[in-house]
Amino acid sequence: MESVKEIFVALMILFGAGYAAEKLHQEMKIMAIKQIQKGQPSLSNFSRKLTR
């Protein structure tokens, strides 16, 4: 019975870590997009120089 309890706890930890990793990934994507929108200059001038 003790081993069943340990397996259940291990599965809870595994699924909890997966859920936390997914949430962290989503938050990091949102943060990166906001920083890019806020602080990066337009790439049109850079693109024009590359295509000359």
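Summarised in this report is the structure supplied together with it. (Residues numbered from 1 in each chain as written. Predicted model: local features only at pLDDT ≥ 70, side-chain atom pairs only at ≥ 80, totals over all residues. Heavy atoms only, no water.)

So, the overall build of the protein chain
For the protein chain, the count of helices and strands is two helices and zero strands. By the compact-globule yardstick of 10 Å for 52 residues, the protein chain is too spread out, its C-alpha radius of gyration being 22 Å. Burial analysis of the protein chain (52 residues in total) assigns 0% to the buried set. Accessible area of the protein chain: about 5300 Å², with a carbon and sulfur share of 68%. Counting 8 positive and 4 negative side-chain charges, the protein chain places the centres of these two groups 29 Å from one another. (Helix = DSSP H or I, 4+ residues; strand = E, 2+ residues; numbered from the N terminus. Rg over C-alpha atoms; globule rule 2.2 N^0.38 Å. Buried < 20%, exposed > 50% of the residue type's maximum accessible area, 1.4 Å probe, protein only. Areas by Shrake-Rupley, 256 points an atom, 1.4 Å probe, with all protein chains shown as cover. Lys, Arg positive; Asp, Glu negative; His and termini not counted. Charge placed at Lys NZ, Arg CZ, Asp CG, Glu CD.)

Some words on the pattern of salt bridges
As a working rule, side chains carrying opposite charge can pair if their charged atoms are close by. For the structure shown, the criterion picks out one salt bridge. The salt bridge partner of E2 is K5, with a shortest N-O separation of 3.9 Å. In this pair, E2 and K5 both sit in helix α1 (residues 2-39), three residues apart, roughly one turn of the helix. (Salt bridge = Lys/Arg side-chain N within 4 Å of Asp/Glu carboxyl O.)

Observations regarding the environment of L50
Mapped onto the fold, L50 is located in helix α2 (residues 44-51). It is 62 Å that separates the C-alpha atoms of L50 and K5, two residues lying 45 residues apart in sequence.

Brief notes about a nonpolar patch on the surface
A grouping of I7, L11, L14 and F15 is seen on the molecular surface, where their side chains present a nonpolar patch of about 440 Å² in accessible area. Position of L14 among the secondary structure elements: in helix α1. (Patch = residues over 30% accessible without salt bridge, like charges linked within 9 Å, V, L, I, M, F, W, Y side chains within 5 Å.)

With respect to the environment of A21
Structurally, A21 can be placed in helix α1. By relative accessible area, A21 is classed as partly exposed at 46%. Through-space distance from the C-alpha of A21 to that of N45 is 38 Å; in sequence the pair is 24 residues apart.

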